[in-house]
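Geometric and topological summary
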Amino acid sequence: KKIQFAGGIKEIPEEFASRCLNLETISIPGSVKRIGADAFGGTGIEKIRLPEKLEEIGESTFSDCTNLKSIVLPGTLMGCAM
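Residues numbered from 1 in each chain as written. Predicted model: local features only at pLDDT ≥ 70, side-chain atom pairs only at ≥ 80, totals over all residues. Heavy atoms only, no water.

1. Things to note about the packing of aromatic side chains
Tallying each qualifying case throughout the model produces three aromatic pairs. Measuring from ring centre to ring centre gives 5.4 Å for Phe-5 and Phe-16, while their planes differ by 45°; the resulting arrangement is tilted. Of this pair, Phe-5 sits in the loop between strand S1 (2-4) and strand S2 (11-12) while Phe-16 sits in the loop between S2 and strand S3 (25-27), and the two are 11 residues apart along the sequence. For Phe-5, a relative accessible area of 16% puts it in the buried group. Judged by relative accessible area, which is 28%, Phe-16 ranks as partly exposed. Summarising the aromatic geometry, the rings of Phe-40 and Phe-62 are spaced 5.7 Å apart at their centres and angled 10° between planes, so their arrangement reads as stacked. Of this pair, Phe-40 sits in the loop between strand S4 (34-35) and strand S5 (47-49) while Phe-62 sits in the loop between strand S6 (56-57) and strand S7 (70-72); the two residues are 22 residues apart in sequence, bridging distant segments of the chain. Taking relative accessible area as the criterion, Phe-40 reaches 0% and is therefore assigned buried. Here the aromatic cluster, defined as three or more aromatic residues joined through ring pairs, consists of Phe-5, Phe-16, Phe-40 and Phe-62. (Phe/Tyr/Trp six-rings, centres within 6.5 Å; stacked < 30°, edge-to-face > 60°. Helix = DSSP H or I, 4+ residues; strand = E, 2+ residues; numbered from the N terminus. Buried < 20%, exposed > 50% of the residue type's maximum accessible area, 1.4 Å probe, protein only.)

Structure representation (structure tokens):
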């Protein structure tokens, strides 16, 4: 139901946790600068706060997350193809 990453990672790979229907909570560390395409798609997450240093979100990231009610995007985002 919950994913919590270790600190120091810089990228979340493509399709990470995609279609994990029971996933409700994601804790993304501030060190992450890129989230790969299709990551977290089709999960049960309800809200997410993205790290302030995030620079890129891959295509279709968070797609088909029907429970997602809130997402906070940082001002540092350079590329977003959601």
